[in-house]
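Architecture at a glance
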Amino acid sequence: FWHKLCLRCHQPDSTPSWRPSWWQKIFPFPLFPTYRQSAQQLCILLFFLLIWGIAYVEIGESVTPDGELFSMTILVIAAYLIGWLWLKVTTLPALIAMLLTGILFQNLHLVHMTDKYRKLNQDLRKVALVIILMRAGLGLDAKVLKKHYTAVLQLGLLPWIVECVAVCLSSHFFLSLPWIWGFLLGSMIASVSPAVVVPCLFRLRDSGYGVAKGIPTLLLAAAAIDDSISVAVFAIILNAMFSTGSVTYNIIVGPLSILAGIGIGSLWGAIASVIPEKGDTYVVPLRFLILFLGGLFSLFMSNLIGWSGAGPLAIVSSGFVAAFFWEKQGWVVNKNPVSNIFRILWIFFEPILFAFTGAQITISSLDPEVIKMGAICLVSCLILRMIATFFVSFGCGLNKREKLFIGVTWLAKATVQAALGPAALDLVRSGQTSGLSPIDEEKYAKTILAMSVLSVVLSAPLGAILIAITGPKLLSRETESKAPERNEGNVESARIAAITPL
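Predicted model, so just to flag it, every value in this text is computed and none were measured.

Notes on the overall build of the protein chain
Helix and strand counts for the protein chain stand at 21 helices and 0 strands. Projected onto the principal axes, the alpha-carbon positions of the protein chain cover approximately 65 × 60 × 50 Å. For the protein chain, the residues scored as buried account for 54% of the 502 residues in total. Across the protein chain, contacts joining residues at least 24 apart in sequence account for 79% of those joining residues at least 6 apart. By element, 70% of the accessible surface of the protein chain is carried by carbon and sulfur atoms, the whole surface being about 22,900 Å². Between the centroid of the 37 positive side chains of the protein chain and the centroid of its 28 negative side chains there is a distance of 9 Å.

And the structure:
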């Protein structure tokens, strides 16, 4: 039993690696991880500790054991370690454990955040959102979109619209949210999570399931469209709610922000393909910085001028256009060095995002009726989305079993919900108003935050489990004897599918 459990936590490393001569004697495998795995984890922990040390030297008391920054640092480290252990033992996404760690720390009073550091919390979540959206843009392949644009739009937009409307209606009647707050909640909840979906699909793909029709590729592209629309619509609605401008101005700003975001992002992505020069010795870090800093600037500036929907679309567009031109220069889409840097950066910001989101939840302040009715709303809307996905995927070349599987994969929520869930509450606490009484606004904002956390806790493990169970039963498996017979399109689909998830 112990041997099997240790093997689950400490996977063997088949590639050659150096290790000290005494390592295996003191830390035998699989009771302990290999030296390479241990060194990697220690490296990440050292980075966190070094950041804390630098902050201590520069800031002082705030990062002492009784200070707020110290408790925030411990929360992030604990979330990372618990998430890693959760993933190894259960094989379910680590983000679930990170979110629960944040809730646990908050309700045990192990973390403290005053208004001074709530702003830091908000900015860190915005950085995480930039990483999420940039990876979505870098993962979009123009060839796949051109070849399967109808299927991508059908699977990326239509189920999203159905669930968004369903959440709006159900939250209005069951949770007593005003219509505009219901649409705000629906635009956030309707987003699926590639962080949960794609790793599960890769495990199926490695066993040959769904490869023949390029289902992983199709779902990745659709999920990127789904996430981009969700973030943009959420930002537009939130900006309209808390804007001091006229109704006419708010109506005009929505479409203009979409066009401006796509246009400016596309231009920035094109610039990133020619500056720096492709043969430059430092081309990788320079290209990363031009995209990352450009994404941060577009997100913060769009919020400053009140065009919140432009920033997220600019980030996705810049990543997509840059990847398109980089592929012509020899870099594979989403497997290039810049994508790898964003993947490494996400390792640090994933526990920050989910732990801080969980730390916004105080269980004693939650209304049990809201949790009960919210769970009913979420489950019913998830079922409706699954049914809608089955019926709107006509003409995609999929059989009934594959349509049903795609409906199951669209159940998982996580990344976007964690990034956007606290946004309304942040605005309310900063003194901005949507025209309602402060008490009502805080109540509605807390309801949206609770629903975002509830959606992750309920749907992320459910989606991962159902994908693992239904995949082998609903998808056709490609045997090795048929592999050489795959046409060029399927080979390309399988190649593109080998990417890193959000």
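As for the state of the cysteines
Such a bond, covalent and formed between the sulfur atoms of two cysteines, is termed a disulfide. What the rule picks out here adds up to 0 disulfides. Take C168: it sits in no disulfide, and the sulfur closest to it among the cysteines is that of C164, at 6.9 Å.

Some remarks on the packing of helix α8 (residues 149-174) against helix α9 (residues 179-189)
Two elements in contact, α8 and α9, have axes whose closest approach is 7 Å; the angle formed by their N-to-C orientations is 140°. Classified by the interaxial angle, the pair formed by α8 and α9 is oblique. Read as a crossing pair, α8 and α9 show a hand that is right-handed. Contacts between α8 and α9 involve W160, E163, C164, V167, C168, L169, S171, H172 and F173 from the first element and W179, G182, F183, L185, G186, S187 and I189 from the second. Of the residues belonging to the contact of α8 with α9, the class tally is 10 nonpolar, 5 polar and 1 charged.

Brief notes about the side chain of S230
As for its placement among the helices and strands, S230 is situated in helix α11 (residues 215-242). The buried category is assigned to S230, whose relative accessible area is 0%. Among the polar contacts listed, one links the side chain of S230 to the backbone oxygen of S187, at a separation of 2.3 Å.

Quick notes on helix α14 (residues 310-328)
Taking 1.5 Å per residue, 19 residues should reach 27 Å; α14 reaches 27 Å between its end C-alpha atoms and fits that length. Taking burial as the measure, the 19 residues of α14 include 15 buried ones, the bulk of the element. Two residues or fewer past α14, G330 is found with a positive phi of approximately 110°.

Comments concerning the packing of aromatic side chains
Enumeration over the complete set of coordinates arrives at 14 aromatic pairs. When the ring of W23 is compared with that of Y35, the centres are 5.1 Å apart and the planes differ by 75°; the resulting orientation is edge-to-face. One end of the pair, W23, is in helix α2 (residues 23-26); the other, Y35, is in helix α3 (residues 35-59), with 12 residues separating them in the sequence. By relative accessible area, which is 10% here, W23 ends up buried.

A few points about the pattern of salt bridges
This model, assessed by the stated rule, comprises 7 salt bridges. Close ionic contact of E327 with K143 constitutes a salt bridge, the shortest N to O distance being 3.9 Å. Here E327, found in helix α14, pairs with K143, found in helix α7 (residues 142-147); they are 184 residues apart in sequence, far enough to count as distant. Among the ionic pairs, D226 bridges to R385, the shortest N-O distance being 3.0 Å. Remark: R385 occurs in helix α16 (residues 368-392) and D226 occurs in helix α11; sequence separation between them is 159 residues. Each member of the pair, D226 as well as R385, carries the same accessibility label: buried. Each of E163, D226, R385 and K413 takes part in salt bridges that share partners, so that together they form one network.

Here we look at the nonpolar core
In terms of nonpolar packing, the biggest core is built from 131 residues, with L95, W181, L184, L291, F292, F342 and F349 touching the most fellow members. Look past the residues within four positions of F342 in its chain and what remains in contact with it is I131, M134, R135, L138, F288, L291 and F292.

Remarks on the packing of helix α10 (residues 194-206) against helix α20 (residues 438-474)
Where α10 meets α20, the closest approach of the two axes is 10 Å, and the angle between their N-to-C directions is 20°. Compared by their axis directions, α10 and α20 come out roughly parallel. In the crossing of α10 with α20, the sense of the turn from one axis to the other is right-handed. Contacts from V196, V197, C200 and L204 of α10 reach α20 at A460, A464, I467, G471 and P472. For the contact of α10 with α20, the residue count by class is 8 nonpolar, 1 polar and no charged.

Definitions and cut-offs
- Residues numbered from 1 in each chain as written.
- Predicted model: local features only at pLDDT ≥ 70, side-chain atom pairs only at ≥ 80, totals over all residues.
- Heavy atoms only, no water.
- Helix = DSSP H or I, 4+ residues; strand = E, 2+ residues; numbered from the N terminus.
- Buried < 20%, exposed > 50% of the residue type's maximum accessible area, 1.4 Å probe, protein only.
- Contact = heavy atoms within 4.5 Å.
- Areas by Shrake-Rupley, 256 points an atom, 1.4 Å probe, with all protein chains shown as cover.
- Lys, Arg positive; Asp, Glu negative; His and termini not counted.
- Charge placed at Lys NZ, Arg CZ, Asp CG, Glu CD.
- Disulfide = S-S within 2.5 Å.
- Axes fitted to C-alpha atoms, helices over the stretch in contact; angles between N-to-C directions.
- Parallel < 35°, antiparallel > 145°, perpendicular 65-115°, else oblique.
- Left-handed = near helix turned anticlockwise from the far one by under 90°.
- Nonpolar A, V, L, I, M, F, W, Y, C, P; charged D, E, K, R; others polar.
- Polar contact = N/O pair within 3.5 Å; in protein donor to acceptor, adjacent residues only side chain to side chain.
- Expected span 1.5 Å × (residues − 1).
- Phe/Tyr/Trp six-rings, centres within 6.5 Å; stacked < 30°, edge-to-face > 60°.
- Salt bridge = Lys/Arg side-chain N within 4 Å of Asp/Glu carboxyl O.
- Core = buried A, V, L, I, M, F, W, Y, C linked by side-chain atoms within 4.5 Å.

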